[in-house]
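# Remarks on the overall topology
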Amino acid sequence: MLRYLLKRLFFMIPMLLGITLVSFLVIHLTPGEPGVLDVEMNPKVTKEVRERIRAFYGLDKPLHIQYWMWLKRIVKLDFGVSFSTDRRPVIDKIKERLPITIGINLISMFLIFVIGIPIGIYCARYKDTILDKGFTAFVFAGYAAPTFWVALLLMMFFGVYLDILPISGLKSFNYDEFTPFGKAMDLAKHLIMPIFISAFGGLAGISRYMKNSLLEVLRQEYITTAYAKGLPEHVVLKRHALRNALLPVITILGLSVPGLIGGSVIFESIFSIPGMGQLFYMSVMARDYPTIMGILVMGAFLTLLGNLLADIMYALADPRIRIGVG
Amino acid sequence: MRIFKILLLFFPVLILFSCNERRAVSIYEEKGKPAFGDTIITGSIGEPSNLIPILASDSPSHEVASYIYNGLVKYDKNLNIVGSLAESWDISKDNLTITFHLRKGVRWHDGTPFTAHDVMYTYKVIVDPKTPTAYSGDFLLVKEAKVLDDYTFRVTYGRPFASALISWGTAVMPRHLLEGKDISSSPLMRRPIGTGPFKFKEWITGDRVVLTYNSDYFEGRPYIDRYIMRIIPDSATMFLELKQYGIDMMGLTPVQFVRQTDYDKFKKSFNKYQFLSFGYVYLGYNLKHPFFKDKRVRQAISYAIDKREIIEGVLFNQGVEATGPFKPDMWAYNGNVKRYEYNKEKARALLEEAGFTKRKDGILEKKGEPFEFTVLVNQGNTVRIQCAELIQKRLSEIGIKVKIRVIEWASLINEFIDKRNFEAVILGWSIPQDPDIFDIWHSSKQGKKELNFISYENPEVDELLVRARHTLDREIRKRCYFRIQEILAEEQPYTFLFIPYANIAIHKRFKGIEPGPAGLMYNFKDWYVPEAQRRYKTNATLSP
């Protein structure tokens, strides 16, 4: 097992290298230059000034040298300094946005699993009833409806019309003057709509997965055997069916690890939440190469790690797979 | 029992909904007396990037910085240059030397006195090749800068330079905090210290920037206690925030200004202000193109485009026709130039004169080549795309086939404009407050990445631009720019389309706002909220 783990970890290195090389090339191929040069239509910015700034950022060097310089830094876990005019270390920019994104994603992922799995189970057990169809319609509506549209409707209704929830942001402007309880309430109020929106959209996937996998299991012969033994239905479901049906869910859990640090641009922009999605989007728009690369490297690493994690958990949960590992 | 459980589940939600403070509605019509207090909350689509203004290139950064720092001089309401950190200045007879007499007793927000050494430091750091600033152009022309004493600063130029004086409107940086350190990694980028009417309080990334009043400000303490810029990246959300009073001030789009805010409840709580924005939109021609080389062709197109229709249809009347590169409320503006009222007949006649004949299918041709061209516009700019559509329709009426190509901004600039690989393009220029337009129109500015990308060449304009640039006499400058505008109007290297209005909604409790040629914010320090109409009773007044 340990050898297998080490082998997997070792093979992540060339994979990561490949990913960074491709990403580096692609973002440098996109037309446009870092944000500070994006003052194109200002008559006060002359050509000489432009050249000076290019040299300052090292953009006048050939691409392979730029990549090599970046690589030398990244192996020391130095993400470099942002090209945007704030000139801050990339790691700081990521660090200050990560908690918000991870927090929201954790809560909404928790909600998705807690609500989605029971819906899936219910739909599998009572297949083709009216309620099953109702749930299906509901989760698909959440999946299909454009986030920004639902968000704006909610904002108009709860924010402007009823005037009971704040429209955007994370904290009120006078947050510092609140009591600790007031602060918590303020934060919670600001988070209701964003979390509802992000959970609503994710219900479909997990509940459908759950439903199909449970249906699959319910068709197995050992379930028929269990019923034939005269076990009551909830025991059959809980002890025999569900245990096996939950296996694919583990995979999904593992695969959603990289999703934890990724935020949605649309959703974060609409609610003005300073998360990772916005950071990534803004750094792409501003051609802030070090920040883009930093986020991509983290994402790539977490994706590979998530895959590994899913495999390990799967092996732990299912003895049939463990044998194959050797 | 089950129902009870469900209720218990909803209990926290109920609490959340119940403890919501209602907002007091008062009458905002009365002008009241100026009083200290209250907070103004503005919204910004983009987040400031860097609060050292010489290092920043985005407008939110410059806006926040403008309340924190001062320059030696500034513009007043009517774009006249007046003193700020400089009390007065003398210009030598040969127009080469400016001596600034600085205000005494000014203190930085940390209490250190402000002196001429700060100005010297600012100059040095701007021209330092290691500083990544986009604004060194004007300062590289300085031949010598000298501190005469703590409150006198002298600069000498190699040649008289028209924008010399106003270039010293650049924010002065605190030497005592920066000298000997690398400015591009200074903590002042996130926690600025200036001399201005507001002091920096906090900046929560992606959320807001907060400033509080400077009680020690040399022109007197600003009335408003607190300035908050909230970062709201989505404009629809920002508009909802405005309606819910989450923000007090926001720039409105033409539709929002004309239609969506035209109801009583809104009008009761908000004032709408309007002034001409510092920018114009134009249709630029590649003058290397065989058809566009001919002045008559460009004039014909200008006649065939109905500017009124564009302003009415696309801008909902929130703009004025542009006749040249300046806006009507500037001293350099010459309104007495050739105008191109919509006139199809004149357009046809001019094209005929230029040798175009009509084919059977109605398209014009010259020497067998049909008159077809592509207009480039940048993606996401609906106003310009709609302009292109109206232009397309009008030109098809006189037999010119126009194609529209919408391209993402960076590719448009890098792949098409910079490589001169275009026929016509709809773009906008910002109008500088000082009318020096040398870099856009001088024939020497045609190189790669330079701004005369349409390849305009006119010896008279070249000479006038140079002359206007190297005199400090406003009358001479005015005459030069008037003549340039006449030539540009006659030659139509661009078809100047329109200057949009800036439309701003501000909560009614703020008084003392007077829009002018300089915009709205030039007297922000003097805005006030009468005591009875105050909305945010902050304790900022008690503990600064």
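Every residue gets a number counted from 1 within its own chain, in the order that chain's sequence is written. Here the convention is simple: chains get letters from A, ligands get numbers from 1, in the order in which they are written. Reporting in this predicted model follows two pLDDT cut-offs: at least 70 for local features of residues, and 80 or more for side-chain atom pairs to be given and counted; totals over whole chains, interfaces and linings ignore these cut-offs and use all residues. Side-chain calculation: all heavy atoms of the structure are included, whereas hydrogens and water are not.

This paragraph deals with the overall build of chain A. Strands here mean DSSP runs of E at least two residues long; helices mean DSSP runs of H or I at least four residues long; both are numbered from the N terminus. Broken down by element type, chain A carries 14 helices and zero strands. The order of α-helices and β-strands along chain A, N terminus first, is α-α-α-α-α-α-α-α-α-α-α-α-α-α. Its C-alpha atoms give chain A principal-axis dimensions of roughly 85 × 60 × 35 Å. Buried, partly exposed and exposed residues are distinguished by accessible area as a fraction of the type maximum, computed with a 1.4 Å probe on protein chains only: under 20%, between the cut-offs, and over 50%, respectively. Counting all 326 residues of chain A, 47% fall into the buried class. Contact between two residues is taken to exist if any of their heavy atoms lie within 4.5 Å; hydrogens are not considered. Sequence separation of 24 or more characterises 71% of the internal contacts of chain A that already satisfy a separation of 6 or more. With residues, only the protein chains shown are counted as cover, and all accessible areas are computed by Shrake-Rupley using a 1.4 Å probe. Of the accessible surface of chain A, which amounts to about 16,500 Å², a share of 71% is contributed by carbon and sulfur atoms.

Time to look at the packing of aromatic side chains. Paired rings are identified among Phe, Tyr and Trp, the last through its six-membered ring, by centres lying within 6.5 Å, and are further divided according to the angle between planes into stacked (under 30 degrees), edge-to-face (over 60) and tilted (the rest). For the structure on display, the rule yields 49 aromatic pairs over all chains. With a centroid separation of 5.2 Å and an interplanar angle of 50°, the aromatic rings of A:Phe138 and A:Phe200 are classed as tilted. Placement of A:Phe138 in helix α5 (residues 130-144) and of A:Phe200 in helix α7 (residues 180-218) is noted, with a sequence separation of 62 residues between them. The exposure class assigned to A:Phe138 is partly exposed, which follows from its relative accessible area of 39%. Pairing B:Phe266 with B:Phe270 gives two aromatic rings, centres 4.6 Å apart and planes at 20°, and the pair type is stacked. Chaining the aromatic ring pairs together yields one cluster made of B:Tyr280, B:Tyr282, B:Phe422, B:Trp429, B:Trp441, B:Phe453, B:Tyr456, B:Tyr494 and B:Phe496.

Here we take up the packing of helix α4 (residues 90-125) of chain A against α7(A). All names here are of chain A. Helix axes are fitted to C-alpha atoms over the stretch in contact, other axes to C-alpha atoms as well, and angles between N-to-C directions run from 0 to 180 degrees. At a closest axis distance of 6 Å, the pairing of α4 and α7 adopts a crossing angle of 35°. Considering only the axes of α4 and α7, their crossing is right-handed. Three categories are distinguished: nonpolar for Ala, Val, Leu, Ile, Met, Phe, Trp, Tyr, Cys and Pro, charged for Asp, Glu, Lys and Arg, and polar for the others, with Gly belonging to the last. Of the residues assigned to the contact of α4 with α7, the class counts are 20 nonpolar, six polar and one charged. Throughout, a crossing is termed right-handed when the near helix is turned clockwise from the far one, and left-handed when it is turned anticlockwise from it by less than a right angle.

What pLDDT reports is the predictor's confidence in each residue, on a scale of 0 through 100. On average, residues of chain A score 84 in pLDDT, and 94% of them reach the 70 mark or higher. Taken element by element, chain A is modelled with least confidence in helix α14 (residues 319-325) of chain A, mean pLDDT 61, and with most confidence in α5(A), mean pLDDT 91.

Here A:Ser272, not a glycine, exhibits a phi torsion of approximately 40°, which is positive. By secondary structure assignment, the location of A:Ser272 is in the loop between α11 (265-270) and α12 (276-285). With a phi close to 50°, B:Lys367 is a non-glycine residue in the positive phi region. By relative accessible area, which is 82% here, B:Lys367 ends up exposed.

For this analysis, a salt bridge means a side-chain nitrogen from Lys or Arg found within 4 Å of a carboxyl oxygen belonging to Asp or Glu. Using the criterion set out here, one finds 43 salt bridges over all chains in the structure. Notably, a salt bridge pairs A:Arg125 with A:Glu233, separated by 2.0 Å at the nearest N-O pair. Of this pair, A:Arg125 sits in helix α4 while A:Glu233 sits in helix α9 (residues 233-245); the two residues are 108 residues apart in sequence, bridging distant segments of the chain. Relative accessible area serves as the criterion here: at 29%, A:Arg125 is assigned to the partly exposed category. Each of B:Glu309, B:Lys344, B:Lys393, B:Arg394 and B:Glu397 takes part in a single network of salt bridges with overlapping partners.

Let us now look at the sheet that holds strand β16 (residues 364-366) of chain B. Residue and element names in this part refer to chain B. Here three strands make up an open sheet; going across it, the order is β15-β16-β17 and the pairing antiparallel. In this open sheet, the two edge strands, each paired with only one partner strand, are β15 (357-358) and β17 (369-370). In this scheme, strands are said to pair when DSSP sees at least two bridges between them. Sheet topology note: the β15/β16 ladder contains two bridges and is antiparallel. Considered in β16, the bridge of Lys358 is made with Leu364.

A word on the nonpolar core. Take the buried residues of types Ala, Val, Leu, Ile, Met, Phe, Trp, Tyr and Cys, join any two whose side-chain atoms come within 4.5 Å, and each joined set is a nonpolar core. Counting 153 residues, the largest nonpolar core has B:Phe100, B:Trp168, B:Ile301, B:Phe371 and B:Trp441 as the members making the most contacts within it. Once residues within four sequence positions are removed from consideration, B:Trp441 is found in contact with B:Tyr280, B:Pro325, B:Asn452, B:Ile454, B:Tyr456, B:Val461, B:Asp462, B:Leu465, B:Leu488, B:Pro493, B:Tyr494 and B:Phe496. By size, the runner-up hydrophobic cluster in this structure holds 27 residues, among which are A:Phe83, A:Ile94, A:Leu279 and A:Tyr289.

All names here are of chain B. Chain-level statistics for chain B give a pLDDT mean of 88 and a share of 94% at 70 or above. With pLDDT under 50 throughout, residues 18-24 is counted as low confidence; its partners more than four residues away or in other chains account for ten contacts. Across residues 540-544, confidence stays below pLDDT 50; counting only partners more than four residues off in sequence or on other chains, it has six contacts. We note a pTM of 0.80 for the whole complex and an ipTM of 0.74 for its interfaces.

Pairing geometry for strand β4 (residues 86-91) of chain B and strand β5 (residues 97-102) of chain B, over five bridges, is antiparallel. Directly across from B:Trp89, in β5(B), lies its bridge partner B:Phe100.

The next subject is helix α13 (residues 409-417) of chain B. All names here are of chain B. The buried fraction of α13 is high, at seven of nine residues. Among the residues of α13, those classed as buried are Ala410, Ser411, Leu412, Ile413, Asn414, Phe416 and Ile417. Summarising the contacts, the buried residues of α13 are in contact with β18 (372-378), β19 (401-407) and β20 (424-430).

Before going further, it helps to examine the environment of B:Val209. With respect to the secondary-structure elements, B:Val209 resides in strand β9 (residues 208-213). On a C-alpha basis, the gap between B:Val209 and B:Thr97 in space is 39 Å, while along the polypeptide they are 112 residues apart.

Let us now look at the sheet that holds strand β7 (residues 152-157) of chain B. Residue and element names in this part refer to chain B. An order of β4-β5-β7-β6 is seen for the four strands of this open sheet, with the pairing classed as antiparallel. Across the chains shown, the open sheet's two edge strands, defined by having one partner strand only, are β4 and β6 (142-149). Strand-to-strand, the axes of this sheet are offset by a mean angle of 20°, without reference to chain direction. Pairing of β5 with β7 involves five bridges; the strand directions are antiparallel. The partner of His101 across the bridge, within β7, is Thr152. On the sheet, helix α3 (residues 116-127) packs against β5, β6 and β7 and is oriented at approximately 160° with respect to β6.

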